Each structure stands twice: as structure tokens, then as C-alpha cells.
Amino acid sequence: MSERRFRQEDDRSSLLSRLGSDSPRPRMKFGGMFCNVEGAFENKTLNFEETVSSSKEEKLSMTISRSTPMSTLRTGLSGQSVSSLSERRIGAEVNSSNDSARGKAQRRQGDCLLIKGGKVVNDDQSFYADVYIEDGTIRQIGENLIIPSGVKTLDAYGHLVIPGGVDANTNLQAPQKGLIPCDDFYQGTKAALSGGTTTIIDHVLVEPGTSLLSAFDLWKETAEQRACCDFSFHLDVTRWHEGLYEELETLVKDKGVNSFLFFMAYKDRYQSSDSQLYEAFGILRDLGAIAQVHAENGDIIDEEQKKLLSVGITGPEGHVLSHPEEVETEAVYRAITIAKQANCPLYVTKVMSKSAADVIAKARKKGVVVYGEPITAGLATDGSHYWAKDWTTAAAFVMSPPLNPDPSTPQYLTSLLACGDLQVTSSAQASFSTAQKAVGKDDFTLIPEGTSGIEERLSVIWDRAVSTGKMDENEFVAVTSTNAAKVFNMYPRKGRIAVGSDADIVIWNPKETLTVSATTHNLTLEVNILEGFEFRGVPTVVISGGRVVLEDGQLNVTEGSGRFIARKAFPDTVYKRIRARSKMAEARGVPRGNYDGPVHDVISVTKSVPPTPTTRGPTGTKTPTGPRNLHQSGFTLAGAQIDDHIPRRSAQRIVAPPGGRSNITSLS
Amino acid sequence: MSDCRRQWNREDELPVYLAGPITTGPNQRKSFGMFSSVEGAFDSKTIDFDNYAVGRKGSRTPRSGSRERVLETGDPVGKTPGEAADGSRRSPSGEADDARSGVEVRFTSEKESPNEKGEKLLIKGGRVVNDDQSFYADVYVEDGIIKQVGENLAVPGGVKVIEANGRMIIPGGIDVNTCLMKSYLGTQPVDDFLQGTKAALAGGTTMIMDHVTPQPGDSLLEAFERWQEAADKKACCDYSLHVDIPQWNENVKDELELLAQDKGINSFQLYMAYKDLYQMTDAQLYEAFSFLKQLGAVVLVHAENGDLIAQEQRKILEMGITGPEGHPLSRPEELEAEAVFRAITLGNRVNCPVYITKVMSKSAADTITQARRKGSVVFGEPITASLATDGSHYWSKNWAKAAAYVTSPPLSPDPTTPDHLHTLLACGDLQVVGSAHCAYSTSQKAIGKEDFTLIPEGTNGVEERMGFVWDKAVAMGKMDENQFVAVTSTNAAKIFNLYPRKGRIAAGSDADIVIWDPDSVKTITAKLQQSAAEYNIFEGLECRGGPALVMSQGRIVYEGGKLQAQQGTGRFLPRKPFPDYAYQRVKCRNQVKSKQGVTRGIYDGPVYDVAPTPKYITPAPSAKTSPTSHQPPPIRNLHQSNFSLSGAQIDDNIPRRSGHRIVAPPGGRSNITSLG
């Protein structure tokens, strides 16, 4: 069964791979990279017609013959399940525990849907068309579609039909200081779906010293059991060393991970030095992956934290005081410089301040391949709440980089988002309950960092950008879904309403209003940082993987129904330029005759530097300190060793050990 | 000659200039940026001048009246400033022909030898150019100090009179960045304090600030004393010293305190480049900035990202590029700009003035400009090399030539860089011109003939510094003469707290004076230079403008192309901490910026229990290891370990205490001695 599904997918991908590529006219680009392409509509319609037409007859007949009996069965089933949600969930659980592959296959086939009368909005254009979905895939787009009878029809008159949101940054399982987020994959994806997000890319936090692969496997396993929507993963590399290369290669080539996050903050825990970043970026470029950075200068933050604590500031306002805007900006600037040197694409997560966004915008103008990601919280609210008298409220806002106290920041970020200087929006969802946050009630550095936003993301952007006229609906689709899909190489499977794409569709009602409240949201979190905000624009229907998960305000999700989306290396959007530049950037030496003039003699001189006759001990760490006093050494084999970071290969045989072969066995 | 005098006498309305505020005068300088005359500033300066002279004079008017040359036009105050200015404007062109005749020195008294303390000199008929204004006045010098500036000065008999013939009298240049003793692998630059200061004087620079460059582990204090000793013996002009901090630790702090408080050093350089040698981490920089701020010092930063440079160097050597072109390739402009940005960020966080040495590229300069717009207290110093030439020469086929340009940050290969930097200098976005003079001979440079990373870094420029700024900025119309004085001398004096002793022609200032000839043209060549380096990176460039006469400490040391410097005459100038120019804003911000917490009730809600929660790592049912840390690594296979006691150990960075006694060693006391 699963095999068949795979074949189908292959089929589809080859179909999709031809999308647009056979266009007779070169594509015109207007402003920035994510923009309307001239004639894209015809192209796609044509493609759809053509690609289908070759095998149209037989395909149609096939689909009809295969799906009619199933669909009737399915509609009956779905009607039943809507009525008894709890029962259904139990069933799903049983399914997943039995044989998840079979369960999924069952669930997926034969789910036919027709969305009628809506305005299909892609990132490049909008048009009125019906959308026909079958087997979790969009099968037909157009007017007067030929579809089998008895298909469930969703009415989208007056609404927009948009591709489901892609949330490129969530932390649903990443522990912080030993605390696991209170919203896990189930809660988190449920909330995501209710807000119109149908794909999440979660961060796998690999604690220093553990294997990337095992962490990835753990995450994947959990997510497969729990997630209700499709998911993919970024890997957070917390301690870089050359030995990771093999694991990275496996992850990129076999596991479908093409993005890795590095920390420039969290000194002594996760922070990478510039050299490490440079090395890592170089390797990621060769592998065709995207480097992400958490951009904050950890050194400065560390010092500022110490300073503030010593001054006696322990409340959440210390968090924002110790993470000033400049520190973020500086790190963004540095990350861009490093990425430019390494010629590696860079994705800056959580752009929270104006100046950081400006740095990205400027770098893009200079041609650096860099992407910036503002988040829900940063687009909706500002950091003035850190000074709230209520500790709980103030602590709920703690995340890093922190929300900027400048109240004009959200508007500014929205503007940059609208003009394409920032590209992707995400939520940076990481929810910690008040009790968890209270771990840091006496010391702001201990407050686990994270805010919610996975649910409100689309509404916030619609309200702040589209309703206000900054952005059009196509841009809206681009920043909430398409760009993320492109950058992370899920396009056009995700992020587009096109024939062959996954049926992750949201029917969007731009007129309705959502009032955010912790009592009504779908997270377990007891505080919502956007409490009381009203946002225009809500999803009325959400379809994930061809199934209606939200309709009439009813959320109807299945735990474990999410699939892992493997992402290939070398996303075109990102790597086309990088490749061209790699070819160009070859530096060449100057052929010269040999210099045959006098050369100052150095060797004889080095000994003429007398050691300074000072009584002070040598201060340098590098200075040799004579023979080591073995009695003073804290030597132990049990604890950390200097070569811990070098992975031990099990099959390493020392043929000629230094000091000759030992006969230690003969002594026993 | 007499023509000149008459001309001078016709300018008698000039005292108006000196007498009172001329807020409406056409010559008044508009403020661009920060180095500009403030309204009413003239007042105080005039008063200053009078105050300095107060010992001899009651007031200006009687003094001018007491001169035998009575003013023909009567009451000078009656003239409007406008007329005065017109007169002064016209005069240089009118006098141009006379001026060609050159500077003349008249000895009215036979008993004085030219180089002796207590010499009395009168510079007549010149136009005094300070950073805020220009005016015609005579300058009377006695005992190495400017005693009077003004017209119709009452001077004692027997003074030596120098006719300036309408030329500019400017304060002697201050070169803020020289490295005359910076050893490289044990070799010293070919220009030591003697050669270097001679070259400086020949170029119109009467004071240098040299970098003391101790090696990591050296005592800063001793290094400082070594430098001072060498300079006292050799230097021909006044000097002061910056101290470079090669590494940051506790010992250094004590020494810094001593240097700042007792030795008169108020500027210290930190390095963001030279990985594993001088480079400091951001945390160290932060600490160092904080500490230096307490001392009231100016933090100089060598801004380049050393981590990336090290990586690039390795890469480029691997590619087989070993020539000097590898130097700019491994140190691209972005790395400089990045480090400048980081240094400024650190400076802002610590609230401490930052001074970026050697601004070599457009983007670095722009970064400084933007930061200044946002209010950061940051200063930028382009150097002669970056102002006069570009980095295209690194690709020269001639190895020796290419190597001569090696300095870091490297010259930017972009040929428009010098113009851009001059523009920023002219508008005040960059403040100070240094030379970074550090001359190594070709054979010394050849240490790196197989590997560009070994080429000693440094270019010449102390001699050409003033000339090129004039040629490329003033002669081109980008900058006026006052700004010229500001960037070559006054700003440096202000930033490093030497003002008004240096950097100004005013009564009471040191008599470091240059008579500047804007019309002289010379072609730079290594053959005619004072520096001992055999290659001059400006070889063949033409340079308009140069000193006609240079006076250091009241002695004429350079005149008509002849240098008569005396070894060992240079004095060390101690500088006080907390220069107003850099620290005034910082002090105010300190008071304003103090942070306050929020007073809240105590949070009494539930608190997640963390202490006993290593159990939160519910190990996955899978056989795979949990991703979280804290898990003890699998048992170490001792046969696989590369264990050795001779090499680096993980606790190498922890200083060992000599008096550390292990009372209860793990595993119980060993009786190993009893076995032997």
C-alpha cells in the first residue's frame, strides 16, 4: 500500500518538475525574487491541461473507477466522525499503535473534496476557480471541472482559497534548561491547524555531545506519533566540530533535512565561534543545505546579564535590558559577513528589531543570499510588556531575541515583509507554562524563553499587513507559505495551489474577526501574549492532507496523521545564485618570478628575543610552562577529555601505537 | 619684502577679527558634523589668548596702540567684519607673487644660535589657520611656546623674524598612529624613532603617537619604559605613546591602571584580529572596554575579524596562492566592516568612546558614519596609504612592490576608496588622519616570500601624510584649510587630550608650527625621502602642498628642504585621562542611562520543580540514545584514547596553583613511594 503511494508521489513530482520549466518565454521578474511572473497563470493552466491531457482520458477514468466506491464510503465515515469526535480520536490512536503506515494509507485515499466558488490565491496571482482534491492531492483547478458525483463540496463563495501556511520555526519538543514545552507536537500542531497552518518545520535541538542522528530520530518518532499536520525538521547544531560532517551528510542526503541552525548566543552552552560558523557554513554549502542562525552576541549578553544581576535587577525586564537590539543587529551583521565569506545561504531566524531587519535588507541589496524571518510576536506586539507589574505577564513575553520595546517595530517589520526585504514569517512557538516560567522568578536568566504564536500567525499578518493595505493577498500567501516552501525546498508540493500539490488548503475569510484569548486558544498555555487583540481575517475551513480539519469552528484533528516531509538539498531558490558564484569566486594567484633579493634572517633572530626578566608568571595560556607536574594534574579518565568532541570510530585499529606495541594482555 | 609689509599694513582692519565676536561674518564657519566652531566660541578663544598674555598686557587695544607702527585707520573696531573678511580674502591672491619668493628668515640679532632654548622668533605676515578660523596675524614664539598671536605685537628686540609672506601658519601635524619600534619576529622596522621622526618633521608633522607593542606575556609597563627610553634618546619631535594590549588578564589590569594614572597614557589598543596571538574574544573586549572606560582612556581598536581571516588564509594557502595578493584576498573588506560594527556595538553597550585605527575601506568608513549618526561616540582614522593609493598593487608582478603594500587591514582594491575617505574626512565623519607608519625593508618583507601570512605588515606614510590630505582634499576643493588643520592635527589633539597645548596656534600653545606652502609640488620618490625604507608605496605620485618651514618646540627644524633635526630633542607628553572631547557625552550618558528594575509583588504562583528533574528525560522507548545531554558518555575505551600527558590537556587553560595540595586524592592515598 505504502509502495503505491510512493509511486504516485514520484509520478506527481515528475509532473510538477515540468511546471513552468518548459515555458517558451523567459520569466520576467519584478522587484525582489518572490514576485509575480509574467504569464505564470497561462503557463500553469496550460501545464495543467497539457500534462493531464496526454493521459487525461485514462487517468480520469482510472480515478473515477477507483475512487467512486471509496468516496461514498468515506463521506459516510466523515459524517460519522464529525458527530463523535472523541470516539474518532480513540480509533485513530488505535490505528497508529497498530500499524501507522496502514492507518495513514487508509485515511488518505479516497478523500474527495471540491472547493467551489472561491478565489484561488497563490503568491503570484489570484483567480476564481474551483479546486478538486483527491487522495490528499490537488487534482484539478479550473471552472466547470469534470468530477465524479457524490463528492463533498465546500462552499467558498466570497472567500479566498489559499495554500495552507508553512510555519518555518516551531519548538514543540526542544527542552530548555531541562523543561520541555508544555505544548508538544499534538497540541502545537492542533493549534497550528486551527490557525490555518498546515505544515510546520520544527527545530530539533541537539544537546552538545549527543548525536545529531539520534536526536533527529527521536524527534521524528515523536512527531509521527503525535503530530496532526505535516512536519519537517531543522537541526540545531549546538556544538560544531569537524566530526559532524558524516552525520550532516547522512541527514542531508538520506534523511531529508536541509537546514541547520547555529547559535551565536547562549554562551558556554550552545554558542559557536566565528571560526566554527565559517567551517560549518562551508560544509553546509557543499552539502546544499541552508545555514540558519540564532543571531545574538552571546558574549555581550553574558556580560550584560552579570552586570544586571549584580545591580539587583532580577525581573523579566532584565531580559530585555540584557538583550539589547544592537546585540542582535551586530550578530546579524556578523552572520551575514561570515555567510558571504563562506558563500553559503543564510537564514536569520527571529528578526525582532528594526535595525536587524535593516541589516538584512541592506545585505540583500548588496546581493548576499540571506533571508529574514520575523515572527508572530514581533509582528503583533512590542516589548513594553517586560515592564509589566504583573510578573506572570512580563515573564510570558520572555524570548530571545526579545521583543523590541520600540512600539513602532511591528509596523516596520510588516513594511519590510511587504516589500520583500524579509521573506518568511514563522511563530517561533515555544510555550512554557507559568509554573515553568516561574523557575526564573528570582533570576531572569533562568526563565525559559519562548512565546506562543503558532495559531495566530496568519491572522496577525492579514490584519497588520493586508487589511492595512501594506500587502496584497498574493504577498500574504508568499510570506506565510510559499516563500518558506521555496527556501526549504518543499515547493511546489507545499505553498501553492496547483495541480499535483498537496491538498493543504485554507479557505480564508478576510472579513471575520478573531479575538485572541488564552481561554479560547488551542494551546495548553494559560497565558497568551496577544490576549485581547482583535485580528481581522480568520480561516473558516482548513484542509490538511486532503482532510477537512477545521470547519464551522469545529476542530477535527487526528493525532499522528502528520507526515514527515523530507526536503532535498540544493533548493533552487537559494542555491542557483550560490552555485553561479562558486564558479565565479575562484581567486587566482599572480604568477611572478621568484623573489631573489635578500631575505632577512629570522631564525637567528628569534633566539635573540630574551625572555623578559620579569618576576611575573607567564600570563599567556599558550606559553609553555615547562614539564608538567603530574602530581598537580587533575587527570582523570572518567570526566571530560580533550578529545571528547572527536567521535570515536569503533573500527579504528591502532597498528603501530606510539611507543611500540604493548603486551599488556600478557601481564594478566 | 617691503611690499609685503605694506600689504600687511593695509590689512590693519584685521584686529576687528580678533577683537570681538563676529557671528555674522562671512568667514564664520558653518558647523558640519561636530568639529566646527560653535557660536561664540571665538569669544572664549580670544579671551583665552588675552588671558594667556595677561602677564604682560592689560588689554588688546593699548597693546596695539603701544606699537610704534600706529594704525593708520584709527579705530579698528569701527570696521565691519565683512570688510575685514573681504580684505583677508583678497590678500592671498594679491600676495601670491610675493609669496613665491619663499620664506625668509631674518636675523636681527647676531647672538642667537638657531637651535637653542629661549630662542625668540617672530613669524610675520602669515595667515594663521586653526581648525575653526583663519586670520592674519603675527606669531611670537619664545621658549618653545607661542607667547603672542596678533597684530602689531610688542616683541623684545633681537628676535629672529621669519617672513611668512602671506602663507598659512598652521599648527604642526600630529600623527596619531606610528609603529617605529614594532618588532616582527625579532626584527625592528628600519625607521626607528630617529628616522621616523625625521621623516615626520620633513612632512610637517611635529608630533607622533607611537604604538607600544608588547608581545603576549610581556609586561606592559616594561614595554612602555623600553619604548620611552628609546624614544627619549632618538626622537626629534615630541611624542606620546599608545599602549597595545596583547592579551587580557588580571595582571594587565594593574599595569593599565598604573599606566593611565601615573604614566600619562590615555589610549590603549585592542585587537580583534591576529587569531591566537593578540585577538580577544567579545567577552574579553567587553571587559577591557569596561575597564578602560573606568580609567578614562580612549579605546583604540584594530578592527578585523581574526577568526575568519585565519580561515581564509588557510584556504588561500591551500589553493596555492602564496604571494602578496593573498593578503587582500584573505582579508576582504567585509571582515573589516564587520569588526568595526562589532566594536561600535561593544562601545555602545559599555558606553565607552571607541577609536577605530586604520580605516581602510569604504564600508568600514560608512559603518562609522552611520554609527555616528545614531549617536555613538566613535572616531575613525584613515591613514595615508588608504587616502592616497589603493590595493590594486597587491597584484603587481613585482614581488617587492606588492609586498611593500602589505598592511592590515589591507588597502582596498577599490580605486574609488581614497576619494570616498577624503569626502568623509571633509564632512567630519572621519576625524583623524594617521599614517600607520611602520617601514620594513624589502629583505624583511621577504621573510614572507613563500607565504604571504609571514610578510611583516606596515607601510610608510608619516612623511607624506599632510601632503596627500592637502593634495587630494583641499586642493580638490573638498575640504577647506580649517578642516585640513582639524583632521591633521587639532582633532587628534582633542581626542587624546593634548589640546590646546598641541593642535592650535594660540598663545600658550607649544610652538609646533608649520608654514604651509600650498603651491609646492613634489613627486614622491624613495630617493628623496627621509625614511630609511628603500621602497615608497607612493612612488611617482605627485603631491601638491607641503611644508615650507617646520618649527618644533620653537626651533626651526625644516626649512626650504633642509632638515636640521636634533636627535633626542623630542619630549614625552603625558596625557591625562578623560579627555573632554571623548568623554563629555559618555559621562552624561552614564548618568542618564542607569537602569532600573520594576518593583513587583512577589510571584507566589506554582513553580515548576526543576531541581530533581533529570527525570524529564523520559528516555525514548527506542534503543537510540536520548538527544539530551547530561547523559554520561559510554564507557571510554582506554585503548582507543590518544591519552598523553605530554601534550595539551583539557585543563591547560586553568592556571595551576603552585601551592595546591591534594589532601584526599580520588582513589585514596597512593603509596607509590614505598614501592620504589
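Cut-offs and rules
- Residues numbered from 1 in each chain as written.
- Chains lettered and ligands numbered in written order.
- Predicted model: local features only at pLDDT ≥ 70, side-chain atom pairs only at ≥ 80, totals over all residues.
- Heavy atoms only, no water.
- Helix = DSSP H or I, 4+ residues; strand = E, 2+ residues; numbered from the N terminus.
- Contact = heavy atoms within 4.5 Å.
- Areas by Shrake-Rupley, 256 points an atom, 1.4 Å probe, with all protein chains shown as cover.
- Core = buried A, V, L, I, M, F, W, Y, C linked by side-chain atoms within 4.5 Å.
- Buried < 20%, exposed > 50% of the residue type's maximum accessible area, 1.4 Å probe, protein only.
- Phe/Tyr/Trp six-rings, centres within 6.5 Å; stacked < 30°, edge-to-face > 60°.
- UniProt positions renumbered as here; feature names shortened; annotations may be inferred.
- Pairing = 2+ DSSP bridges.
- Axes fitted to C-alpha atoms, helices over the stretch in contact; angles between N-to-C directions.
- Expected span 1.5 Å × (residues − 1).
- Polar contact = N/O pair within 3.5 Å; in protein donor to acceptor, adjacent residues only side chain to side chain.
- Salt bridge = Lys/Arg side-chain N within 4 Å of Asp/Glu carboxyl O.
- Parallel < 35°, antiparallel > 145°, perpendicular 65-115°, else oblique.
- Left-handed = near helix turned anticlockwise from the far one by under 90°.
- Nonpolar A, V, L, I, M, F, W, Y, C, P; charged D, E, K, R; others polar.

Of regular secondary structure, chain B possesses 21 helices and 17 strands. If you take every contact in chain B between residues at least 6 apart in sequence, the share linking residues at least 24 apart comes to 79%. Just so you have it, chain B exposes about 26,600 Å², and 52% of that area is on carbon and sulfur atoms.

Our next topic: the overall build of chain A. When you go through chain A residue by residue, the secondary structure sums to 20 helices and 18 strands. Sequence separation of 24 or more characterises 78% of the internal contacts of chain A that already satisfy a separation of 6 or more.

Another point: the nonpolar core. In terms of nonpolar packing, the biggest core is built from 222 residues, with A:Phe260 and A:Phe281 touching the most fellow members. Excluding its chain neighbours within four sequence positions, the residues that come into contact with A:Phe281 are A:Phe262, A:Ala291, A:Val293, A:Ala335, A:Ile338, A:Ala339, A:Ala342, A:Cys344 and A:Leu346. One finds B:Val406, B:Ala436, B:Phe452 and B:Phe468 within the second-largest nonpolar core, a separate group that totals 24 residues.

In this section: the packing of aromatic side chains. All names here are of chain A. One pass over the full model with this rule turns up 38 aromatic pairs over all chains. Pairing Phe 216 with Phe 233 gives two aromatic rings, centres 5.9 Å apart and planes at 85 degrees, and the pair type is edge-to-face. Of the two residues, Phe 216 sits in helix H6 (residues 212–226) while Phe 233 sits in strand S10 (residues 230–237), which places them 17 residues apart along the sequence. Of the two residues, Phe 216 and Phe 233, both sit in the buried class. Residues Phe 263 and Tyr 266 carry aromatic rings whose centres are separated by 5.5 Å and whose planes lie at 75 degrees to one another, so their mutual orientation is edge-to-face.

Our next topic: the UniProt feature "domain: Amidohydrolase-related" (unreviewed entry) in chain A. What UniProt calls "domain: Amidohydrolase-related" (unreviewed entry) maps, in this numbering, to residues 161–549 of chain A. Helix and strand shares over residues 161–549 of chain A are 39% and 18% respectively, and the end C-alpha atoms of the span are 15 Å apart.

Residues and elements named next belong to chain A. Spatial strand order, S3-S2-S7-S15-S16-S17-S18: seven strands in an open sheet with mixed pairing. Both outer strands of the open sheet, strand S3 (126–128) and strand S18 (554–555), are each paired with one neighbouring strand and no more. Relative to S18, strand S17 (residues 547–551) runs antiparallel, the two sharing two bridges. Across the sheet, residue Leu 550 finds its bridge partner in S18, namely Leu 555. Sitting on the sheet, helix H17 (residues 457–466) touches strand S7 (160–163), strand S15 (505–515) and strand S16 (534–544), and the angle it makes with S16 is about 135 degrees. Sitting on the sheet, helix H18 (residues 473–487) is in contact with strand S2 (119–121), S3, S7 and S15, with an inclination near 30 degrees to S7.

Let us look at the environment of B:Trp516. Residues and elements named next belong to chain B. Positionally, Trp 516 belongs in strand S14 (residues 513–523). Residue class for Trp 516 comes out buried when judged on its relative accessible area of 0%. Separated by 347 residues in sequence, Trp 516 and Ile 169 have C-alpha atoms that sit 6.3 Å apart. If near-sequence neighbours (up to four positions away) are discounted, Trp 516 is found in contact with Arg 167, Met 168, Ile 170, Gly 203, Met 466, Gly 467, Trp 470, Phe 484, Gly 545, Gly 546, Pro 547 and Ala 548.

Attention now goes to the environment of A:Pro407. Relative to the elements of secondary structure, A:Pro407 occurs in the loop between helix H14 (391–396) and helix H15 (409–418). Residues A:Pro407 and A:Gly383, spaced 24 residues apart in sequence, show a C-alpha to C-alpha distance of 7.6 Å.

Another point: helix H8 (residues 250–262) of chain B. Side chains that are three or four residues apart share a direction in an α-helix, a result of its 3.6 residues per turn. Residue and element names in this part refer to chain B. Compared with an ideal rise of 1.5 Å per residue, which puts 13 residues at 18 Å, H8 spans 19 Å between its outermost C-alpha atoms and is within 8% of the ideal. Taken together, the buried positions of H8 are occupied by Val 252, Lys 253, Glu 255, Leu 256, Leu 259 and Ala 260. Looking at the packing, one finds that the buried side of H8 touches helix H7 (220–234), strand S9 (238–244), strand S10 (267–271) and helix H9 (282–295). Between the side-chain oxygen at the start of H8 and the backbone nitrogen of Asn 251 there is a gap of 3.2 Å, and the oxygen is on Asn 249. Where H8 terminates, the next one or two residues include Gly 264, which has phi positive at roughly 75 degrees.

Let us look at the pairing of strand S1 (residues 113–116) of chain A. All names here are of chain A. Looking at chain direction, S1 and strand S6 (residues 152–155) are connected through four bridges and run parallel. Directly across from Ile 115, in S6, lies its bridge partner Leu 154. Bridging between S1 and strand S4 (residues 130–134) involves three bridges; their strand directions are antiparallel. The residue of S4 that forms the bridge with Ile 115 is Val 131.

It is worth spelling out the sheet that holds strand S11 (residues 259–263) of chain A at this point. In a beta sheet, neighbouring strands pair by backbone hydrogen bonds and run either parallel or antiparallel. Residue and element names in this part refer to chain A. Read from one edge to the other, the open sheet built from seven strands follows the order S8-S9-S10-S11-S12-S13-S14, with strand pairing classed as parallel. Here the strands that pair on one side only, and so sit at the sheet edges, are strand S8 (165–170) and strand S14 (370–372). Strand-to-strand twist in this sheet, taken as the mean axis angle between neighbours without regard to direction, amounts to 25 degrees. As judged from the three bridges shared by S10 and S11, these two strands associate in the parallel manner. When the bridges of S11 are listed, Asp 236 appears paired with Leu 261. Across the sheet, helix H5 (residues 185–194) touches strand S9 (197–206) and S10, and the angle it forms with S9 is around 145 degrees. Packed on one face of the sheet, H17 meets S8 and S9 and runs near 110 degrees to S8.

This brings us to the pattern of salt bridges. A complete count under the given rule lists 62 salt bridges over all chains for this structure. Put simply, A:Arg285 and A:Asp286 hold a salt bridge, and the shortest N to O gap is 3.2 Å. A relative accessible area of 21% means that A:Arg285 is categorised as partly exposed. A:Glu304 is paired through a salt bridge with B:Arg349; the nearest N and O atoms lie 3.4 Å apart. In this pair, A:Glu304 sits in helix H9 (residues 298–311) while B:Arg349 sits in helix H12 (residues 333–350), so the two residues belong to two different chains.

Attention shifts here to the packing of H5(A) against H6(A). Residues and elements named next belong to chain A. Interhelical geometry of H5 versus H6 gives an angle of 60 degrees and a closest axis separation of 8 Å. What the angle tells us is that H5 and H6 run oblique. Viewed along their axes, H5 and H6 form a crossing whose handedness is right-handed. Residues Phe 185, Tyr 186 and Thr 189 of H5 lie in contact with H6, whose contacting residues are Trp 219, Thr 222, Ala 223 and Arg 226. A class-by-class count of the residues in the contact of H5 with H6 yields four nonpolar, two polar and one charged.

Right, let's talk about the pairing of strand S2 (residues 120–129) of chain B for a bit. All names here are of chain B. Of all ten residues making up S2, nine are buried, and the element is well covered by its neighbours. Relative to strand S3 (residues 134–142), S2 runs antiparallel, the two being bridged by eight bridges. The partner of Lys 120 across the bridge, within S3, is Glu 142. Here S2 hands over to S3 after four residues, the two strands then running antiparallel side by side. For S2 and strand S5 (residues 160–163), the ladder comprises four bridges, and the chain directions are parallel. Bridge pairing in S5 links Leu 121 to Lys 160. Bridge count between S2 and strand S6 (residues 168–171): two bridges; the pairing is parallel. Note that in S6 the partner of Arg 127 across the bridge is Met 168.

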